[in-house]
Structures are given as structure tokens and as C-alpha cells.
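Observations on the model geometry
If you want the building blocks of each chain, they are given just below.
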Amino acid sequence: MNPNQVVAALREANEVAREAMSSGHHPFGAVLIAPDGETVLMRQGNINTVNHAEATLIRAAAEKYSADYLWQCTMVTTVEPCAMCAGTFYWANIGRVVYGMTEACLLAFTGSHPENPTLNLPCRVVFSHGQKAIEVIGPVSEVEPEIGELHSSFWQKK
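Report follows, based on the coordinates. Quick caveat: nothing in here was measured; it's all calculated off a predicted structure.

Overview of a nonpolar patch on the surface
Together, Leu119, Leu121 and Val125 make up an exposed nonpolar region whose accessible area comes to about 230 Å². Relative to the assigned elements, Leu119 resides in the loop between helix H5 (103–110) and helix H6 (123–128).

Rendered as C-alpha cells:
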């Protein structure tokens, strides 16, 4: 994906996060991008603390697409994938992950909030312990403030 495609996809994922927040869920969003770098194959907002947008989306995608096809796709998510989601990407054979804001930045917004006990385990560390060379792009400074704005307003209300 070129830089313009990355930013456009992150903005799409952030719109999904906004929709999730409007429905009373945590403001996380994910989109699965086709090998062309532009076509949105699937989109998913956060459901709850166990059914994250990314893991829910990729489980559905693994049912629909072959592992070989998924290796050519890109998972785009507003916030760096947690350890659970990173593991799901790995097992589903996602070849590239793009995220806008780090887990560390998220922690600055959520603090010790019981609905989001953030793990300090970057996705690159999770992937480095596997046998697949998953490409990781992120954080993307151009969209971090937009993503952070949703989290700032959401977690301050809680």
C-alpha cells in the first residue's frame, strides 16, 4: 500500500470506530483491504472486551477467503493490535497490518479503566516470535490525532 492508501484506509477504519462508539461500543474499527490496496473487503467495529473489531473481522474473513489470498491482504486498524488480535492475524495468515495509534498511546487515554486493561505487548513483538514475516506499518502520525480524538472523548465520559 502506498502512503495515500494507508491514510485513506485508516480514515475508513476510524469511521467504523466512530460508528461503533455511536452504538455504545468502544471506539475501535478495522477494515480488511484487498491486494489492490484500495478495495475494502470487510469492515468491523468493536463489539465488546472479548470480541475486538480486528479479531472478529479476521475470523469472518478466514471463513470467507483462502489463507493464500489473505496473505496478500492488509488488515487496517485504528489502534495497534493487542496480543489476542495479533495472534489471530498470525493464524489467519494476514500478510500486512497497518495501525494508526500505538497501544501505549491508547493507555494514555484509558489509564486503568476496567473496560480496557491494556497489555504492554506490541504486535511487532508478538509477530517476531512466529515463523511468518508479517509486515507492520504504524503508527501513522498523520491520523493519530483523529483516532485519539475519539478515544479522548469516549474514555473521559466513562
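Picking up where we left off.
Digging into unusual backbone geometry
The step from Gly138 to Pro139 runs through a cis peptide bond, and the omega angle for that step is 0°. Here Pro139 lies in the loop between strand E5 (135–137) and helix H7 (144–157). A positive phi angle is found at Asn93, which is not glycine, with a value near 80°. Inspection of the secondary structure assignment puts Asn93 in the loop between helix H4 (83–92) and strand E4 (96–101).

Description of the environment of Ile147
For Ile147, the position within the fold is in helix H7. Distance from Ile147 to Ile94, taken between C-alpha atoms, is 23 Å for residues 53 residues apart in sequence.

Looking at the pattern of salt bridges
Inspection of the entire model under this criterion finds 6 salt bridges. The shortest N-O distance in the salt bridge between Glu146 and Arg11 comes to 2.8 Å. With Glu146 in helix H7 and Arg11 in helix H1 (residues 3–22), the pair connects residues that are 135 residues apart, well separated along the chain. By relative accessible area, Glu146 is classed as partly exposed at 27%. By relative accessible area, which is 38% here, Arg11 ends up partly exposed. For Arg43, the salt bridge identified is with Glu12, shortest N-O distance 3.1 Å. Of the two residues, Arg43 sits in strand E2 (residues 40–45) while Glu12 sits in helix H1, which places them 31 residues apart along the sequence.

Quick look at the pairing of strand E3 (residues 74–79)
For E3, the buried fraction is high: 6 of the 6 residues fall into the buried class. As defined by bridge partners, strand E1 (residues 29–33) adjoins E3 across 4 bridges and the pair is classed as antiparallel. What sits directly across from Ile33, in E3, is Thr74. Each parallel crossover has a hand, and the one from E3 via H4 to E4 is right-handed.

Considerations on the sheet that holds E1
On the basis of which strands lie adjacent, the open sheet formed by 5 strands has the order E2-E1-E3-E4-E5 and mixed pairing. Either end of the sheet is taken by a strand with one partner, and the two such strands are E2 and E5. Within this sheet the neighbouring strands show an average axis-to-axis angle of 15°, counted without direction. As defined by bridge partners, E3 adjoins E4 across 5 bridges and the pair is classed as parallel.

Conventions used here
- Starting from 1, residues in each chain are numbered consecutively following that chain's sequence as written.
- In keeping with the model being predicted, local features are shown solely for residues with a pLDDT of at least 70 and side-chain atom pairs are shown and tallied solely at 80 or more, while totals for entire chains, interfaces and linings include all residues.
- Hydrogen atoms and water are omitted, and side-chain values are computed over all heavy atoms in the structure.
- Candidate patch residues must exceed 30% relative accessible area and have no salt bridge, after which like charges are joined if within 9 Å and Val, Leu, Ile, Met, Phe, Trp or Tyr side chains if within 5 Å.
- For the accessible areas, the method is Shrake-Rupley and the probe is 1.4 Å, while residue cover comes only from the protein chains on display.
- Salt bridges are defined as contacts in which a side-chain nitrogen from Lys or Arg sits within 4 Å of a carboxyl oxygen from Asp or Glu.
- A run of DSSP states H or I qualifies as a helix once it reaches four residues; a run of E qualifies as a strand once it reaches two. Both are numbered from the N-terminal end.
- Relative accessible area decides the class of each residue, using a 1.4 Å probe on protein chains only: under 20% of the type maximum gives buried, over 50% gives exposed, and in between gives partly exposed.
- The pairing criterion for strands is at least two bridges between them, as found by DSSP.
- By convention, orient the strands away from the viewer: a clockwise path from the first strand over the helix to the second makes the crossover right-handed.
- Here, axes are lines fitted to C-alpha atoms. For helices the fit covers the stretch in contact, and angles between N-to-C directions go from 0 to 180 degrees.

None of the figures reported here should be taken as evidence of function without further support.
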